[in-house]
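# Chains, contacts and geometry: an overview
Here is what each chain is made of, one letter per residue.
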Amino acid sequence: MKTANIDVLMPVYNSASYLSETLQSIQAQTVQNIRIIIVDDGSTDGTSEILAKAAAADSRIEIVTQANAGIVAALNTGLERCTAPFVARHDADDLSDPERFARQIDYLERHLDCVATSCMARHIDADGKPLGTITRFKDPDAADAWYIPAREPYLMHPFLTMRTEALKAVGGYRAVLGAEDSDLYWRLRSNGKLHNMRDVMGDYRMHAGSVSSQSIAHGRRLALGSQLAALSAQRREKGQPDIAFDNALLVEIKRTEELIDLYRIGCRFAEGEERQWLALALSIKIIELCFYRPFEPTAADIRFMRKALDQGSTIMTPKNAREVREFLIATATRLLLKPGYQRLALKLGGPKLIPVILARTAFRVALPDSLRTRIKRITGRSVAA
């Protein structure tokens, strides 16, 4: 086979349920000059057998097997073998439309200042049934590492295509728990532009294995990872020493559960005002996660978050403060409706917001979903709130 124009980088772990269908979507791309580098990260189901059969039938498939070491290690193992001008990411359970690679490569070839691009995708359930929704469009140019919480340069990672030279120039992936993608994007921005295409080019599978639905302890770790990635970007921009995201730090964070202890880990990489920013950004990120995911903060969490809010409110812009206020109201309202969380919900919101939280809760209870949505649209309020 002549030298590939695209190396498809796909880490897999116990992916037997979806792997064959995913491979078919890659093999059916209109760009056929590809190499499919699959890193089996110690699978124990039928993944290895499916991969062996697929590789025997398609010479473009290259299988690398390693003991289970996590997604970052698997990605970097595969990246070492990438030699094509472009790297296309793919997950083992998602599906790409036939023209995805062609359209993304065409964009990169026409925009030489761009180093990475992604796209929109349809949501499907575990059985492949369309859910009738698509992923949200976000502009990477709106990223702001100093915002609270940080506005990350979001591109949909499973549908990402990058210039190999740029990816390797920034050192590949780093072990940032739950934020290895945004950490990469912060660093790629130093080499060129990031771009999200508005076109829908695939199917993103929504199932229990693809969404972090673990405990609040995991939510705290995710929040720390995302905000440390932004703090790392801040420090590089100021010409200060970067954070060393090594495996020892990753293991330590995975073993730590309490918010105050996670914050103390983060403080090892922060000085002065950075610590105040980290406390507030970490708190608001958790509040945001607690609205979108089934995480319930503890009394200790809320004490930490209220202290950060009370002490750090002056470092936010008026616009940022308004957004934080909406996060607080939305999350406190959700918690107020959960049995046993009424007192904690009101404490999270704080005395000034209690009337608003109670009114918002009554609004949610009294009106059907369809009518609430219509009213929110008329008044210009976020549907999520």
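If you're wondering where the values come from, they're calculated on a predicted model, not measured in any experiment.

Okay, the overall build of the chain next. A tally of helices and strands in the chain yields 15 helices and nine strands. Relative to a compact globule of 385 residues, whose C-alpha radius of gyration would be 21 Å, the chain shows 22 Å and is just as compact. In terms of its C-alpha atoms, the chain occupies a principal-axis envelope of roughly 70 × 50 × 45 Å. Put simply, the chain has 385 residues, and 53% of those count as buried.

In this structure, W277, I286 and M305 are the most contacted members of the largest nonpolar core, which totals 59 residues. At the level of secondary structure, the elements contributing two or more residues to this core comprise α7 (216-237), α8 (247-255), α9 (259-267), α10 (273-292), α11 (299-312), α12 (318-336) and α13 (342-349). Sort the elements by how many residues they give to this core and α10 lands first, with eleven residues. Residues contacting I286, with those up to four places away along its chain left out, are I216, R220, A223, L259 and M305. L19, I34, I61 and Y204 belong to the second largest nonpolar core, which has 29 residues in total.

Counting through the fold element by element, S226 comes out in helix α7. On the accessibility criterion, S226 (5% relative accessible area) is buried. In contact with S226, not counting residues within four places along its chain, are E152, A179 and K285.

This next bit is on the packing of aromatic side chains. One pass over the structure, following the stated rule, counts two aromatic pairs. The interplanar angle of 65 degrees and the centroid separation of 5.3 Å between the aromatic rings of Y263 and F304 together place this pair among those described as edge-to-face. Taken as a pair, Y263 in helix α9 and F304 in helix α11 lie far apart in primary sequence, 41 residues in all. Of the residues examined, F304 reaches a relative accessible area of 13% and is grouped as buried. Relative to Y292, the ring of F291 has its centre 5.2 Å away and its plane inclined at 85 degrees; by these criteria the two rings are edge-to-face. Looking at F291, the relative accessible area reads 19%, which means it is buried. Directly above the ring of Y154 sits K138, whose terminal nitrogen or CZ lies 4.9 Å from the centroid. Stacked on the ring of Y147, the Lys or Arg R151 has its end atom at 4.1 Å from the ring centre.

This part covers the pattern of salt bridges. For the structure on display, the rule yields 27 salt bridges. The partner of D97 in a salt bridge is R122, with the nearest N and O atoms 2.7 Å apart. With D97 in the loop between β5 (95-96) and α4 (100-110) and R122 in strand β6 (residues 114-124), the pair connects residues that are 25 residues apart, well separated along the chain. If you follow the salt bridges from partner to partner, you end up with R174, D183, R187, R236 and D242 in one network.

Sheet analysis places β5 next to strand β9 (residues 193-205), joined by two bridges and oriented antiparallel. Bridged to L95 within β9 is D203. Sheet topology note: the β6/β9 ladder contains eight bridges and is parallel. By the bridge assignment, C114 is partnered in β9 with K193.

Let us look at the state of the cysteines. One pass over the full model with this rule turns up zero disulfides. Lacking any disulfide linkage, C114 is separated from the closest cysteine sulfur, that of C119, by 13 Å.

Turning our eyes to something else, we now look at the pairing of strand β4 (residues 86-89). Where burial is concerned, the two faces of β4 agree: the one with F86 and A88 and the one with V87 and R89 are both buried. Bridge count between strand β1 (residues 6-12) and β4: four bridges; the pairing is parallel. Paired with V8 across the bridge in β4 is A88. One ladder, built from three bridges, connects β4 with strand β8 (residues 161-163); its direction is antiparallel.

This next bit is on unusual backbone geometry. With an omega of -10 degrees, the peptide bond running from I148 to P149 counts as cis. For P149, the location among the structural elements is in the loop between β7 (130-134) and β8. Even without being glycine, N14 reaches a positive phi, approximately 45 degrees. Within the secondary structure, N14 sits in the loop between β1 and α1 (19-27).

This brings us to α13. For the α-helix, the turn length of 3.6 residues means that residues three or four positions removed from each other point alike. Within α13, the full set of buried residues consists of L344, A345, L348 and G349. End-on, the buried residues of α13 take up no more than an arc of 135 degrees, which puts them together on one face. Along its buried surface, α13 packs onto α10, α11, α12 and α14 (354-366). Just past α13, the residue G350 takes up positive phi, approximately 85 degrees.

Calculation criteria
- All residue numbers here refer to positions counted from 1 along the written sequence of the relevant chain.
- Totals for whole chains, interfaces and linings use all residues, but because this is a predicted model, local features are given only for residues with pLDDT of at least 70 and pairs of side-chain atoms are given and counted only at 80 or more.
- With hydrogens and water excluded, all non-hydrogen atoms of the structure serve as input to the side-chain values.
- Going along the chain from the N terminus, every DSSP run of H or I of four or more residues is numbered as a helix, and every run of E of two or more is numbered as a strand.
- In this description the radius of gyration comes from C-alpha coordinates, and the expected globular size is given by 2.2 Å times residues to the power 0.38.
- Accessibility here uses a 1.4 Å probe with only protein chains present; expressed as a share of the type maximum, an area under 20% marks a residue as buried, one over 50% as exposed, and anything in between as partly exposed.
- Nine residue types can take part in a nonpolar core, namely buried Ala, Val, Leu, Ile, Met, Phe, Trp, Tyr and Cys, and a core is a set of them joined through side-chain atoms within 4.5 Å.
- Here a residue-residue contact requires only that any non-hydrogen atoms of the pair lie within 4.5 Å.
- Within 6.5 Å between ring centres, the rings of Phe, Tyr and Trp (the latter by its six-membered ring) count as paired, and their orientation is classed by plane angle as stacked under 30 degrees, edge-to-face over 60, tilted in between.
- By definition here, charges over rings are those cases where NZ of Lys or CZ of Arg is within 6 Å of the ring centre and within 35 degrees of the ring normal.
- Put simply, a salt bridge is a Lys or Arg side-chain nitrogen that is within 4 Å of an Asp or Glu carboxyl oxygen.
- Any two strands with at least two DSSP bridges between them are considered paired.
- By definition, disulfides here are pairs of cysteine sulfur atoms that lie within 2.5 Å.
- Summarising the geometry, the arc corresponds to the directions from the helix axis toward the C-beta atoms.

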